[in-house]
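Coordinate analysis (summary)
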Number of protein chains: 2
Amino acid sequence: MTPDELAPRIKSGERRALARAITLIESGREDHRAQAQELLGLLADAPGQALRIGLSGTPGVGKSTFIESFGMMLTAEGHKVAVLAVDPSSARSGGSILGDKTRMERLSREPNAFIRPSPSQSALGGVARRTREAVALCEAAGFGIVLIETVGVGQSETMVAEMTDLFVLLMAPAGGDELQGVKRGIMEMADLILVNKADGDLKPAAERTRADYAGALHLLRRRPQDPEGFPKAVAVSAVEDRGLREAWDDMQALADWRRENGHFDARRAAQARYWFTEEVRRGLLARLDRDPAMRARMTDLGEKVAAGELTVAHASAEMLAALGVTA
Amino acid sequence: MTPDELAPRIKSGERRALARAITLIESGREDHRAQAQELLGLLADAPGQALRIGLSGTPGVGKSTFIESFGMMLTAEGHKVAVLAVDPSSARSGGSILGDKTRMERLSREPNAFIRPSPSQSALGGVARRTREAVALCEAAGFGIVLIETVGVGQSETMVAEMTDLFVLLMAPAGGDELQGVKRGIMEMADLILVNKADGDLKPAAERTRADYAGALHLLRRRPQDPEGFPKAVAVSAVEDRGLREAWDDMQALADWRRENGHFDARRAAQARYWFTEEVRRGLLARLDRDPAMRARMTDLGEKVAAGELTVAHASAEMLAALGVTA
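Okay, so let's go over this structure. Keep in mind that this is a model prediction, so the values were computed, not measured. (Residues numbered from 1 in each chain as written. Chains lettered and ligands numbered in written order. Predicted model: local features only at pLDDT ≥ 70, side-chain atom pairs only at ≥ 80, totals over all residues. Heavy atoms only, no water.)

Before going further, it helps to examine the packing of helix H13 (residues 292–306) of chain A against helix H14 (residues 312–322) of chain A. All names here are of chain A. At a minimum axis distance of 10 Å, the contact between H13 and H14 shows a crossing angle of 170°. If you check the angle between H13 and H14, you find them roughly antiparallel. H13 and H14 meet at a crossing whose hand is right-handed. Of the residues in H14, those touching H13 at Met 294, Arg 297, Met 298, Leu 301 and Val 305 are Val 312, Ala 315, Glu 318, Met 319 and Ala 322. (Axes fitted to C-alpha atoms, helices over the stretch in contact; angles between N-to-C directions. Helix = DSSP H or I, 4+ residues; strand = E, 2+ residues; numbered from the N terminus. Parallel < 35°, antiparallel > 145°, perpendicular 65-115°, else oblique. Left-handed = near helix turned anticlockwise from the far one by under 90°. Contact = heavy atoms within 4.5 Å.)

Glancing now at helix H2 (residues 15–26) of chain B. All names here are of chain B. Spanning twelve residues, H2 covers 16 Å between terminal C-alpha atoms, matching the ideal 16 Å at 1.5 Å per step. What H2 keeps buried is the set Ala 17, Leu 18, Ala 21, Ile 22, Leu 24 and Ile 25. Taken around the axis of H2, the buried residues stretch over an arc of 155°, which confines them to a single face. (Expected span 1.5 Å × (residues − 1). Buried < 20%, exposed > 50% of the residue type's maximum accessible area, 1.4 Å probe, protein only. Arc of directions from axis to C-beta.)

What follows concerns the sheet that holds strand E5 (residues 166–171) of chain B. Residues and elements named next belong to chain B. Across the sheet, seven strands lie side by side as E3-E2-E4-E1-E5-E6-E7; this open sheet has parallel pairing. Every other strand in the sheet has two partners, leaving strand E3 (113–115) and strand E7 (232–235) as the edge strands with one partner each. The sheet shows a mean angle of 20° between the axes of neighbouring strands, taken without regard to direction. Judged from the seven bridges that link them, strand E1 (residues 51–57) and strand E4 (residues 145–151) form a sheet pairing that is parallel. Paired with Arg 52 across the bridge in E4 is Val 146. On top of the sheet, helix H10 (residues 203–219) reaches E5, strand E6 (192–195) and E7; it is set at about 175° to E7, its chief contact. (Pairing = 2+ DSSP bridges.)

All right, on to the pairing of strand E2 (residues 81–86) of chain A then. Residues and elements named next belong to chain A. Counting buried positions along E2 yields six of six residues, so the element is predominantly enclosed. Neither face of E2 is left uncovered, since the one carrying Val 81, Val 83 and Ala 85 and the one carrying Ala 82, Leu 84 and Val 86 both have all their residues buried. By the bridge criterion, three bridges tie E2 to strand E3 (residues 113–115) in an arrangement that is parallel. Opposite Val 83, over in E3, you have Ile 115 as the bridge partner. Sheet analysis places E2 next to strand E4 (residues 145–151), joined by six bridges and oriented parallel.

A separate point is the nonpolar core. Taken as a class, soluble globular proteins show a tendency for nonpolar side chains to be buried jointly. By size, the foremost hydrophobic cluster in this structure holds 134 residues, and its most contacted members are A:Ile10, A:Leu137, A:Ile193, B:Ile10, B:Leu137 and B:Ile193. Leave out the neighbours within four places in its chain, and B:Ile193 touches B:Leu169, B:Met171, B:Met187, B:Tyr213, B:Leu217, B:Lys232, B:Ala233 and B:Val234. (Core = buried A, V, L, I, M, F, W, Y, C linked by side-chain atoms within 4.5 Å.)

Residue and element names in this part refer to chain A. Mapped onto the elements, Thr 158 comes out in helix H8 (residues 155–161). Given a relative accessible area of 24%, Thr 158 falls into the partly exposed group. Sequence separation between Thr 158 and Ile 186 is 28 residues; the distance between their C-alpha atoms is 8.5 Å.

Moving on: the pattern of salt bridges. Inspection of the entire model under this criterion finds 50 salt bridges over all chains. Residue A:Lys63 pairs with A:Glu149 through a salt bridge whose shortest N-O separation is 3.9 Å. Taken together, the residues span a long stretch of sequence, with A:Lys63 in helix H4 (residues 63–76) and A:Glu149 in strand E4 at a distance of 86 residues. No difference in accessibility class separates A:Lys63 from A:Glu149, as the two residues are buried. A salt bridge links B:Arg109 to B:Glu105; the nearest nitrogen and oxygen atoms lie 3.7 Å apart. Highlighted residues: B:Arg109 and B:Glu105, both in helix H6 (residues 105–109), separated by four residues, approximately one helical turn. The class for B:Arg109 is exposed, based on a relative accessible area of 59%. Among the residues examined, B:Glu105 registers a relative accessible area of 47% and is labelled partly exposed. Through salt bridges with shared partners, one network takes in A:Asp191, A:Arg223, A:Asp226, A:Arg258 and A:Arg267. (Salt bridge = Lys/Arg side-chain N within 4 Å of Asp/Glu carboxyl O.)

Another aspect to go through is the packing of aromatic side chains. The full count for this structure, using the stated rule, is eight aromatic pairs over all chains. Their ring planes at 50° and their centres at 6.1 Å tell us that A:Phe114 and A:Phe143 sit as a pair that is tilted. Of this pair, A:Phe114 sits in strand E3 while A:Phe143 sits in the loop between helix H7 (124–140) and E4, and the two are 29 residues apart along the sequence. The exposure classification of A:Phe114 matches that of A:Phe143, with both residues buried. Centre to centre, the rings of B:Phe70 and B:Trp248 are 6.1 Å apart; their planes meet at 75°, and the pair counts as edge-to-face. One end of the pair, B:Phe70, is in helix H4 (residues 63–76); the other, B:Trp248, is in helix H11 (residues 244–260), and 178 residues separate them in sequence. B:Trp248 carries the same exposure label as B:Phe70, and that label is buried. Within the aromatic cluster, the residues linked to one another by ring pairs are A:Phe66, A:Phe70 and A:Trp248. Geometry around A:Phe230 places A:Lys232 over its ring, the cationic atom sitting 5.0 Å from the centre. (Phe/Tyr/Trp six-rings, centres within 6.5 Å; stacked < 30°, edge-to-face > 60°. Lys NZ or Arg CZ within 6 Å of the ring centre and 35° of its normal.)

Below you can see the structure in the form of structure tokens.
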């Protein structure tokens, strides 16, 4: 299908057209890339700005179960929900061991939901770029809520925070002395900390953990983009559908407050600036791969470094001089 | 102290001189940077190649307790053990909430141990670079074992794997259906999976989890750099000192086999090549920050993107053209 044919189908909310368009933007082929850019241009005027929610949590906290329950609640209320993922570790292998097919079974059958696993790219930057474009496609297709999930602690969280309006951290119940494991950098990114598994035997532990995180959040300086009471820690149970309503109310309240106080648009503007800088960086680095003489020089110097004949510092200085960059 | 004064003290194994030298390499000041490079040059001929062991695990798996028990066992046998950390999330805030001072109390009092928290840098690349240089300093100071710990799932693990001879993944006991959370990319990096907390109530769960990971590892194709039986999953208890001896025996057996079969040196050569490429990239990007005209142009285009007057794609193409890079 050409971009001309895809665009109206996406605008009318056809999920298959959306899936094909995302496959197009994920392609590494030059001609696909050009078509993807054309398509994004055709959809630039499409109405609808989704609420973009970032969701992070390490393996084992019940992220898939949470997204399924949360997504089912939202679709039952008539929302259209898209779920995307940013997972740099899928680059090596093309996905998690079990893959995404077996996850979120109920939600994937829901007509008002759209689920897409992480693109497999060689670098986190590539994954993030494609995901950012996929968000635009989902918005054009009329999805009012876009959830972007990511795994673990690390730079993928920063990337997701840079493309979302709200950032939610999903945690498991833990012993009190394990709280130190949450790095302040991540805490400072989170708008909402959800302590999952507040059910059965783990319920008291989840409540204690919630109180611990609430206390820790309280120690951090209030950010200008937060109303009173945020960031907040809430105990939820994805398997028992508990606390999900409250969590959604909190997300809406926070988004509304930020919209009214200019922080919502300011964040999106800062994000646009951020991605512009990233694209320029990416373009600069691409030069190394395209120029055959430079590539040959890189290979030669790399071999000398590998053989121990040159240090990393000396070889890189020589290469940068060849590229016209002085230290 | 000048590099000339520091070098002999480091070579004689003075921990305070080593700590000062690492502070020097972590400094962002231009003159410190030059001194650090001079110092590294002076130490380049120092004998001693340490066994470099990468250790990763998400918060809550008991990483600090493991390192303390494992480190105490090694120092008791006469080994000199250095512990470094790569934690990109410390960039924002300068460390974890509780900081590193309260961790590994016994090991930090041990004369044959040296513990250093993660450097605070603005980017993971900076953290990795400093840590790589700190490894060289520790080796010059006669540390025969260098442990480099990192947190969580993400690019910091790749960075640590790129500077170590062995990569160990520390896991917590989990329910069988949580196994899917471990991404194949991480599994493929691991040489040894240690399932911690094989004590008390969690002992049966730890053994089940160990068996699950062993089964998962078995599904992966054998890598050329592994002898029969590796990668391996072992249950350990850091609090009860159980399985640590076996884990160390495994690490040594693996390192010996790789040395005998050429894989050890091949890995180090590939790593040297990798860091050379990274340094060239870093240098290319630094150009953007140094040229005032280019900086002004970036700012101007960035504002237009933020205001929605230009798309990210258009603005970055314009900037790259100004930098002489054609698409």
